[in-house]
Amino acid sequence: IHFFHITKNLPIRKILLILIGSIFAVNLIYFIYGYYLRRPKTVGELFYENERQLSLFLLNNNKSFTIYHQLPQNAFLSYVFFRNKNLDLNQVQSNLMKKNYSYSGLTFKKCDHRVNYLKLEKVIIHEPCVEKDNYDILSDINNPNVKYRIPYKDFSQKFAYFILK
């Protein structure tokens, strides 16, 4: 407003008002595009990034694990999706119908808070399955029982999965 008092000439005021209004409109349109169109897609892609990392870890390590997951069916389907070579689709479909989420030495189970995960071996634990005290123990880098940690791909500095020896 003070800027308009300085400019006494009416045509210059109109030009400045149109220029500032145009800049504001472009910024508003860019914000709407980024928030309502672009952001949901990128957030949705990052939402399943941890399952992709877990699947790639399981594919690179041909060992048998028991995976405790908050949503075992989703983790199982993510693993099956990435393991598209030598896949016995009939067995996968049969296991899905029986709600038995296991395939080639891997078993995906629902979180059970009665289980003491610290005493188990050859397990992978999803972060929501772990109580706060156990999470602190598992996230400690000096813990020799934790072989590997898969972090979240955001700025939380938290771990999504813990792989125990």
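Right above here is the structure, for reference.
Residues numbered from 1 in each chain as written. Predicted model: local features only at pLDDT ≥ 70, side-chain atom pairs only at ≥ 80, totals over all residues. Heavy atoms only, no water.

Asker: Just checking my understanding: could you explain the side chain of Ser102 for this structure?
Answerer: Structurally, the position occupied by Ser102 is in strand β2 (residues 102-103). Ignoring sequence-local partners within four residues, the contact set of Ser102 consists of Phe76, Asn95 and Thr107. (Helix = DSSP H or I, 4+ residues; strand = E, 2+ residues; numbered from the N terminus. Contact = heavy atoms within 4.5 Å.)

Asker: Honestly, the nonpolar core in this entry has me stumped. Any pointers?
Answerer: Looking at soluble globular proteins, one finds that nonpolar side chains tend to be buried together. With 20 residues, the main nonpolar core has Leu58, Phe65, Ile67, Phe108 and Ile124 as its most contacted residues. Of all the elements in the fold, those that place two or more residues in this core are α3 (49-60), β1 (65-69), α4 (72-82), β3 (106-110) and β6 (159-164). With four residues, the top contributor of residues to this core is α4. With sequence-adjacent residues up to four places away left out, Phe108 is seen in contact with Leu58, Ile67, Pro72, Ala75, Phe76, Tyr79 and Tyr101. In this structure, Ile125, Val130, Leu138 and Phe162 belong to the second largest nonpolar core, which totals 13 residues. (Core = buried A, V, L, I, M, F, W, Y, C linked by side-chain atoms within 4.5 Å. Buried < 20%, exposed > 50% of the residue type's maximum accessible area, 1.4 Å probe, protein only.)

Asker: Looking at this structure, how should I read the packing of α3 against α4?
Answerer: Relative orientation and spacing of two packed helices are given, respectively, by the angle between their axes and the distance between those axes. Closest axis-to-axis distance for the α3/α4 pair is 9 Å, and the angle between their directions is 55 degrees. Taken together, α3 and α4 sit at an angle that is classed as oblique. Here α3 runs over α4; the crossing is right-handed. Contacts between α3 and α4 involve Glu51, Arg52, Ser55, Leu56, Leu58 and Leu59 from the first element and Asn74, Ala75, Ser78, Tyr79 and Phe82 from the second. Across the contact of α3 with α4, the residue classes tally to six nonpolar, three polar and two charged. (Axes fitted to C-alpha atoms, helices over the stretch in contact; angles between N-to-C directions. Parallel < 35°, antiparallel > 145°, perpendicular 65-115°, else oblique. Left-handed = near helix turned anticlockwise from the far one by under 90°. Nonpolar A, V, L, I, M, F, W, Y, C, P; charged D, E, K, R; others polar.)

Asker: I would appreciate a short explanation of unusual backbone geometry in the present structure.
Answerer: Backbone geometry follows two general trends: most residues other than glycine have a negative phi, and most peptide bonds adopt the trans configuration. Positioned with a positive phi, Ser104 is a non-glycine residue whose angle comes to about 45 degrees. Inspection of the secondary structure puts Ser104 in the loop between β2 and β3. Its identity as a non-glycine residue notwithstanding, Lys122 has a phi of 55 degrees, on the positive side. In this structure Lys122 comes out as partly exposed when scored by relative accessible area, which is 47%.

Asker: Can you help me understand the pairing of β6 in this one?
Answerer: Looking down a regular strand, the side chains alternate between one sheet face and the other. Judged by how many residues are buried, β6 sits mostly within the fold: six of six residues are covered. In this structure, strand β4 (residues 123-126) lies alongside β6, joined through three bridges in antiparallel fashion. Its bridge partner being in β6, His126 is matched across the sheet by Tyr161. Across five bridges, the pairing between strand β5 (residues 146-151) and β6 is antiparallel. For Tyr148, the partnering residue across the bridge sits in β6 and is Ile163. (Pairing = 2+ DSSP bridges.)

Asker: Teacher, can you tell me more about a positive patch on the surface here?
Answerer: On the surface, Lys63, Lys122, Lys147 and Lys165 cluster together to form a positively charged patch. Locating Lys122 in the fold gives a position in the loop between β3 and β4. (Patch = residues over 30% accessible without salt bridge, like charges linked within 9 Å, V, L, I, M, F, W, Y side chains within 5 Å. Areas by Shrake-Rupley, 256 points an atom, 1.4 Å probe, with all protein chains shown as cover. Salt bridge = Lys/Arg side-chain N within 4 Å of Asp/Glu carboxyl O. Lys, Arg positive; Asp, Glu negative; His and termini not counted. Charge placed at Lys NZ, Arg CZ, Asp CG, Glu CD.)

Asker: Explain the pattern of salt bridges to me, please; I cannot follow it from the model alone.
Answerer: For the structure shown, the criterion picks out two salt bridges. Linking Arg114 and Asp112 is a salt bridge whose minimum nitrogen-to-oxygen distance equals 3.0 Å. For Asp112, a relative accessible area of 22% corresponds to the partly exposed category. Lys132 is the salt-bridge partner of Asp136, the closest N and O atoms lying 3.2 Å from each other. One end of the pair, Asp136, and the other, Lys132, are both in helix α6 (residues 132-139), four residues apart, so they sit about a helical turn from each other. A residue is classified by how much of its surface remains accessible, and Asp136, at 38% relative accessible area, is partly exposed.

Asker: I'm lost on the packing of aromatic side chains in this one. Help?
Answerer: Note on aromatic pairs: each is described by the distance of the centres and the angle between the planes. Summed over all chains, the structure comprises nine aromatic pairs. Measuring from centroid to centroid gives 5.8 Å for Phe76 and Phe108, while their planes differ by 70 degrees, and the two rings are edge-to-face. With Phe76 in helix α4 and Phe108 in strand β3, the pair connects residues that are 32 residues apart, well separated along the chain. By the ring-pair criterion, three or more aromatic residues cluster together here, those being Phe76, Tyr79, Tyr101 and Phe108. (Phe/Tyr/Trp six-rings, centres within 6.5 Å; stacked < 30°, edge-to-face > 60°.)

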